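Chain residues, written in single-letter form:
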Amino acid sequence: MSNSTKSRRNWLAGLAALILTGAGAAWYGLAPNAPVPAGVAECRASKETTERLKSLAKGEVAAVGVSSTPKPPPVIAFTGPEERPMSLADFKGKTILVNLWATWCMPCREEMPALDKLQAELGGPDFQVVAINVDTRNREKPKAWLKENGITNLAYHADPEGKLLQVLQKSGHVVGLPTTFVVDASGCEIALLKGPAEWASPDAITFMKAALNRS
């Protein structure tokens, strides 16, 4: 059994437990009827990329949902390195893989080394892994955890106020952690994964290279 399969089972089991106990109401939400954001027309050019990706969502990234209708992602705010206020608009012109994680989330911790490797292998002027920590208590704990576990390639982004999750719950993006979505260089969301994946696997590398239109 692959590590990503184990992680996904852990994620599903944890989510089920939260729902059964009622604890999930505070952190996790479903919004299947959320309205489609404005801006779909401006993302029509991204359709070419999503068509290229559909056949590549397999193996270790089989659970990734490739958008049939690319659209702008929800507007979210967070802090970047040195606690500078940021939004996804700051990355316009670069394809980004946005990952939401927390130190209390075991599948999140398990996939962080792979995200670090993905950034090391593909990161550059046209691509970045934007991992956003959502711990709301000890603000220094996530930084310490990253350092202790040798996660050195990811810039530190965070939302210690928990507001980002509220926005993504309402949009239907978040039902648990980790959650990951891909936004292309034109600022359009092209893929979404609710749960963990092995992001340093050959399947994931091939998928992301296709998103970047790299051979």
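Below is a short write-up of the structure. (Residues numbered from 1 in each chain as written. Predicted model: local features only at pLDDT ≥ 70, side-chain atom pairs only at ≥ 80, totals over all residues. Heavy atoms only, no water.)

1. Brief notes about the side chain of Thr-179
Here's step 1: With respect to the helices and strands, Thr-179 occurs in strand β7 (residues 179-183).
Here's step 2: Of note is the side chain of Thr-179, whose polar atom sits 2.8 Å from the backbone oxygen of Gly-176.
Here's step 3: Leave out the neighbours within four places in its chain, and Thr-179 touches Val-98, Asn-99, Leu-100, His-173, Val-174, Leu-192 and Leu-193. (Helix = DSSP H or I, 4+ residues; strand = E, 2+ residues; numbered from the N terminus. Polar contact = N/O pair within 3.5 Å; in protein donor to acceptor, adjacent residues only side chain to side chain. Contact = heavy atoms within 4.5 Å.)

2. Remarks on helix α5 (residues 141-148)
Here's step 1: Among all positions of α5, only Pro-142, Trp-145 and Leu-146 are buried. For α5, the arc enclosing every buried residue in end-on projection is 100°, short of the 170-degree limit, so these residues lie on one face. Summarising the geometry of α5, the exposed residues directed more than 90 degrees from the buried face are Lys-147 and Glu-148.
Here's step 2: Lining the buried residues of α5 we find β4 (95-101), α4 (106-122) and β5 (127-133).
Here's step 3: Once α5 finishes, Gly-150 follows within two positions and takes phi at roughly 70°, a positive value. (Buried < 20%, exposed > 50% of the residue type's maximum accessible area, 1.4 Å probe, protein only. Arc of directions from axis to C-beta.)

3. Side note on the packing of aromatic side chains
Here's step 1: Evaluated as defined, the whole model comprises 1 aromatic pair.
Here's step 2: Considering the side-chain rings of Trp-101 and Trp-145, the 5.8 Å spacing of their centres and the 45° angle between planes classify their relative orientation as tilted. Of the two residues, Trp-101 is situated in strand β4 and Trp-145 in helix α5; the sequence distance between them amounts to 44 residues. Assigned by exposure class, Trp-101 and Trp-145 land together as buried. (Phe/Tyr/Trp six-rings, centres within 6.5 Å; stacked < 30°, edge-to-face > 60°.)

4. Let's talk about the nonpolar core
Here's step 1: Of all hydrophobic cores here, the largest spans 57 residues; its most connected members are Trp-199 and Phe-207.
Here's step 2: Once you skip the residues sitting within four places of it in the chain, Phe-207 turns out to touch Leu-53, Leu-56, Ala-57, Val-61, Val-64, Val-66 and Ala-191. (Core = buried A, V, L, I, M, F, W, Y, C linked by side-chain atoms within 4.5 Å.)

5. A look at the environment of Ser-87
Here's step 1: Residue position: Ser-87 is located in strand β3 (residues 85-87).
Here's step 2: Residue classification places Ser-87 among the partly exposed residues on the basis of a relative accessible area of 22%.
Here's step 3: With 11 residues separating them in the primary sequence, Ser-87 and Ile-76 have C-alpha atoms 5.8 Å apart.
Here's step 4: Residues contacting Ser-87, with those up to four places away along its chain left out, are Ile-76 and Phe-78.

6. Digging into unusual backbone geometry
Here's step 1: Looking along the chain, the bond that leaves Leu-177 and enters Pro-178 is cis, with omega of 0°.
Here's step 2: Mapping Pro-178 onto the fold places it in the loop between α6 (163-170) and β7.
Here's step 3: The residue Glu-83 is not glycine, and still its phi comes out positive at about 60°.
Here's step 4: A positive phi angle is found at Asn-213, which is not glycine, with a value near 60°.
Here's step 5: You can see Asn-213 is positioned in the segment after α7 (202-211).

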